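Descriptive analysis of the structure
In case you want the letters, here they are:
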Amino acid sequence: MIRLAWRLAFAHGWGRPALLAGCTAIVSGLLLVTLAVLRLPDDPQERLFAVVADPGTRGGYAFGAALLVIPPLLLLHQVVRLGTAARERRLAALRLAGTTPAEVRRIGAIEVGIPVLAGAVLGLAVYGVLRLLLGGTTSGDYRSHGIHLIPTTVAPAWWEVLLVIVGVTLLGVAVGALAGRRVIVTPLGVTRRAAAPAPRPWGALLLALAVAFGLGAMKVSGPQAHTLALAGALGAIALALVGVIALAPWMAFTAGRLVARRATTGPVLLAASRLVAEPRPAARAAAAVGGIGLVAGGSATFVVDVVNTNSDDAGYYLAPVALVLVCLLLALVAVVGSLAVHSVESLLDRRRSIASLTALGVSSDTLIRAQRWETGLVALPMALIGTILGSSVYRFGPAGGSSILWFAFTLLALALVAGLCWLAVLAAVRVVRPWTLHAADPANLRIE
Amino acid sequence: MSEIQFEARGVRKAYGRTEALRGVSLTIGAGEIVAVSGPSGSGKSTLMLALAGVIRPEAGEIVYDGARLDDLAEAQRTRLRRRQFGVVLQFGQLVPELTAVQNVALPLLLERHDRAAARRLALGQLERLGALDLADALPGELSGGEAQRVAAARALVTGPRVIFADEPTGALDTVGGERLLDTLLSAARENDATVVMVTHDNRVAAHADREIFLRDGVIA
């Protein structure tokens, strides 16, 4: 069965397995970095970026590094779905040949598991490269250049490495199983379970919980106050991130419904109606944008807070903000990948319908404009709401000081995040342009 | 015969190693109703798609209203199709996410018609085809015949000069097929529109002014 799954995994080339392995390699690499940071002693024997070296801020840094796995995980979820139609046909043929449903599920799991396991092991190389590029220095030369973000005097224990590899592989397989949970493979083809109901704003509950956690963290007192406050704040951030991501399908559906009612042009109507019909895949692709907005908004208010306190060591606090911005840009690159992969899968799935639009006189420019609208309609509201939430929660929580300055910085963050998000949308649509033109090819009218 | 609207000269088209059209030449007059018939795989649909400018032949020429259609750039052919042609494909091929009325209004919105006016015209066309009660249904909720009526309404809504229909009654029972064909052809006659319909059904072909029979990619 493993041999069969291996053949199926690579049946349509190396693209999908390579992307799956790439995503998991990044995830396991980042987790290894997090573990290495957590192994640092209070007084590290190497030169490191202040936030990493300082035991007071190290926990937050490790937490941030761990959160960076979210965009590649969301990308992984998209990649798993690549080539779904062809794979479903293959699995149906296997059922016809006598494979049981359980065996089909097992084949599906192994098919995803092989590249994911390879990626999890490759994570060691990612960790090694990151350590080489961004590792701390023990040379004693304090004028040495470079950003030293990853400890080199300590490393994760062997059992931690093993745990990461096994954990990431299982996570990848679970993501694969999640992607196919609505599909029933029968010998006569693939049927889908009842369509999912319209999404609900359950993510808002998590956001409310995040606010409660954050406020609770501010009010703790006693001997363990600092630890509890830190744990509460980190918990609040994690809940807020998951909340924004969970809110994405409802936001995509709502944005689509509102716009579809008022659409006056073909591309807008096509885009909005697609979101209403299938909000979840597009929302998953753009979900990380909400998290990016959340962190960007929080960072903007943090800057205002630092400026307001007018402290001598403002530089110490502001330097990590630059690091956060770099991380957000990297996360945005993962979002471009997610959006592009989602669009490609959607185009391949609907190519007959798209070709029939071409036959009716819908130009490829119109199709590309519709795609831009569809992607933008999901990503931009997510980015804006994430930014406003991040900025407001921090402002009405721990931060104080001038409201005008806060308002100005929030606007700046909004403009910046919206601008970058739009660039991500344009980049994703540009990347998938060849697939769009291919989907519009009238030859697709002849496919089943 | 009336003024020549389409002229095909030595049109060839292949899909990989399979030659679908092997040097087809024909003329179609303005306002003429032509049935393209023949067995499966004879190149009927390919010929219709080539005449509609959806696909470009590898060799030969297609002239529409005195100008080379196959020489036009993709964008020009697309615009021409949107403004002057109405296309009905086998099984309707409606946009699954749009309601019936939105599907019918789509060609008008693409031509920047006012939204309310587009909806009004679309509803009118659906009424004409006896499908007004389906206006707010999604294609997934329609039967094959209903979807085909909506597709016909979409093809007619712009008042096209030429209607191309690929097996327009293929998904319908005999009575439903006759009704759809009557509506389609009477709308075409009202507008003096030319009709090119692909069919392998002799009863459908009997409605045409002329029948072109294809076999193995050539006119038999």
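Residues numbered from 1 in each chain as written. Chains lettered and ligands numbered in written order. Predicted model: local features only at pLDDT ≥ 70, side-chain atom pairs only at ≥ 80, totals over all residues.

**Let's talk about the overall build of chain A**
Helix and strand counts for chain A stand at 17 helices and two strands. Put simply, chain A has 448 residues, and 45% of those count as buried. (Helix = DSSP H or I, 4+ residues; strand = E, 2+ residues; numbered from the N terminus. Buried ≥ 20, exposed ≤ 12 C-beta atoms within 10 Å, placed from the backbone.)

**Examining the overall build of chain B**
Within chain B one finds seven helices and ten strands. Computed over C-alpha atoms, the radius of gyration of chain B comes to 17 Å, within 12% of the 17 Å expected from 2.2 N^0.38 for 220 residues, which places it in the range of a compact globule. Dimensions of chain B, computed from the C-alpha atoms along their principal axes, are close to 45 × 35 × 35 Å. Within the span of chain B, comprising 220 residues, buried residues form 51% of the whole. Partitioning the contacts of chain B with sequence separation of at least 6, the portion at a separation of at least 24 is 68%. (Rg over C-alpha atoms; globule rule 2.2 N^0.38 Å. Contact = placed C-beta atoms within 7 Å.)

**Concerning the environment of Gly-361 of chain A**
Assignment of secondary structure puts Gly-361 of chain A in the loop between helix 14 (351-360) and helix 15 (364-395). Here Gly-361 of chain A is in contact with Thr-78, Arg-81, Arg-82 and Pro-107 of chain B, once residues within four sequence places are set aside.

**Examining the packing of helix 5 (residues 70-80) of chain A against helix 13 (residues 314-349) of chain A**
Think of two packed helices as two axes; the pair is described by the angle between the axes and how far apart they sit. Residues and elements named next belong to chain A. Closest axis-to-axis distance for the helix 5/helix 13 pair is 9 Å, and the angle between their directions is 10 degrees. Taken together, the axis directions place helix 5 and helix 13 in an arrangement best described as roughly parallel. On helix 13, the residues touching Pro-71, Pro-72, Leu-74, Leu-75, Gln-78 and Val-79 of helix 5 are Ala-331, Ala-334, Val-335, Gly-337, Ser-338, Val-341 and His-342. Per-class residue counts for the contact of helix 5 with helix 13 are nine nonpolar, four polar and no charged. (Axes fitted to C-alpha atoms, helices over the stretch in contact; angles between N-to-C directions. Parallel < 35°, antiparallel > 145°, perpendicular 65-115°, else oblique. Nonpolar A, V, L, I, M, F, W, Y, C, P; charged D, E, K, R; others polar.)

**Comments concerning the sheet that holds strand 2 (residues 18-29) of chain B**
Residues and elements named next belong to chain B. Read across the open sheet, the four strands follow the order 2-1-4-5; overall the sheet is antiparallel. Two strands in the sheet have a free side with no partner beyond their single neighbour: strand 2 and strand 5 (67-68). Taken together, the nine bridges between strand 1 (residues 4-15) and strand 2 define a ladder with antiparallel strand orientation. Bridge pairing links Ala-8 to Leu-26 in strand 2. (Pairing = 2+ DSSP bridges.)

**Section: unusual backbone geometry**
All names here are of chain B. A positive phi angle, near 50 degrees, is found at Asp-65, a position not held by glycine. Mapped onto the elements of the fold, Asp-65 is located in the loop between strand 4 (59-64) and strand 5. A positive phi angle is found at Glu-167, which is not glycine, with a value near 45 degrees. Overall, Glu-167 belongs to the buried group, with 22 C-beta atoms counted inside 10 Å.

**Focus: the interface of chain B and chain A**
One frequently used descriptor of interface size is the decrease in accessible area upon assembly of the parts. Every contact between the two is made by 20 residues of chain B and, on the other side, 21 residues of chain A. Going through the elements one at a time, helix 2 (74-84) and helix 3 (100-110) of chain B are the ones with two or more residues in the side of chain B that touches chain A. No other element matches helix 3 of chain B, which puts five residues into the side of chain B that touches chain A. A class-by-class count of the residues in the side of chain B that touches chain A yields 13 nonpolar, three polar and four charged.

**With respect to the sheet that holds strand 8 (residues 194-199) of chain B**
All names here are of chain B. Reading across the sheet, the six strands line up as 6-7-8-3-9-10 and stay open at both edges, with mixed pairing between neighbours. Lying at the two open borders of the sheet, with one neighbouring strand each, are strand 6 (85-88) and strand 10 (218-219). Note: strand 6 against strand 7 (residues 162-166), four bridges, orientation parallel. When the bridges of strand 7 are listed, Phe-85 appears paired with Val-162. Docked against the sheet, helix 6 (residues 174-190) engages strand 3 (33-37), strand 7 and strand 8, running at close to 160 degrees with respect to strand 7.

**Re the confidence of the model for chain B**
On average, chain B scores 89 in pLDDT, and the residues at 70 or more come to 99%. The ipTM, which scores confidence in the relative placement of chains, is 0.74 for this predicted complex, and the corresponding pTM is 0.80. (pLDDT = per-residue confidence, 0-100.)

**Re the domain arrangement of chain A**
All names here are of chain A. Under the domain assignment used here, chain A contains domain 1 (1-194) and domain 2 (200-448). Every element with two or more residues in the side of domain 1 that touches domain 2 is listed here: helix 3 (50-53), helix 4 (55-67), helix 5 and helix 6 (84-96). When residues in the side of domain 1 that touches domain 2 are grouped by element, the largest group, eight residues, is from helix 5. Here the residues of the side of domain 1 that touches domain 2 sort into 13 nonpolar, six polar and one charged. (Domains from an automatic or database assignment.)

**Quick word on the pairing of strand 3 of chain B**
A regular strand carries its side chains on alternate faces of the sheet. All names here are of chain B. Summarising burial for strand 3: five of the five residues are buried, a large majority. Residues Ile-33, Ala-35 and Ser-37 line one face of strand 3 and the alternating positions Val-34 and Val-36 line the opposite face, and both faces are buried. Sheet topology places strand 3 next to strand 8; five bridges connect them, and they run parallel. What sits directly across from Ser-37, in strand 8, is Thr-199.

**Notes on helix 12 (residues 279-309) of chain A**
Within an α-helix, residues lying three or four positions from one another point in the same direction, as the helix has 3.6 residues per turn. Residues and elements named next belong to chain A. With 31 residues, helix 12 ought to run about 45 Å at 1.5 Å a step, and its terminal C-alpha atoms sit 44 Å apart, in line with that. Along its length, helix 12 shows its largest kink, about 45 degrees, at Ala-285. The element helix 12 is extensively covered by neighbouring structure, given that 25 of its 31 residues are classed as buried. (Expected span 1.5 Å × (residues − 1). Bend = angle between axes of the 7 residues up to and from the residue.)

**A short note on helix 1 (residues 44-51) of chain B**
All names here are of chain B. For helix 1, a buried count of eight out of eight residues is recorded, marking the element as mostly surrounded by other parts of the structure. Within the span of helix 1, buried status applies to Lys-44, Ser-45, Thr-46, Leu-47, Met-48, Leu-49, Ala-50 and Leu-51. Following helix 1 by one or two positions, Gly-53 adopts a phi angle in the positive range, close to 75 degrees.

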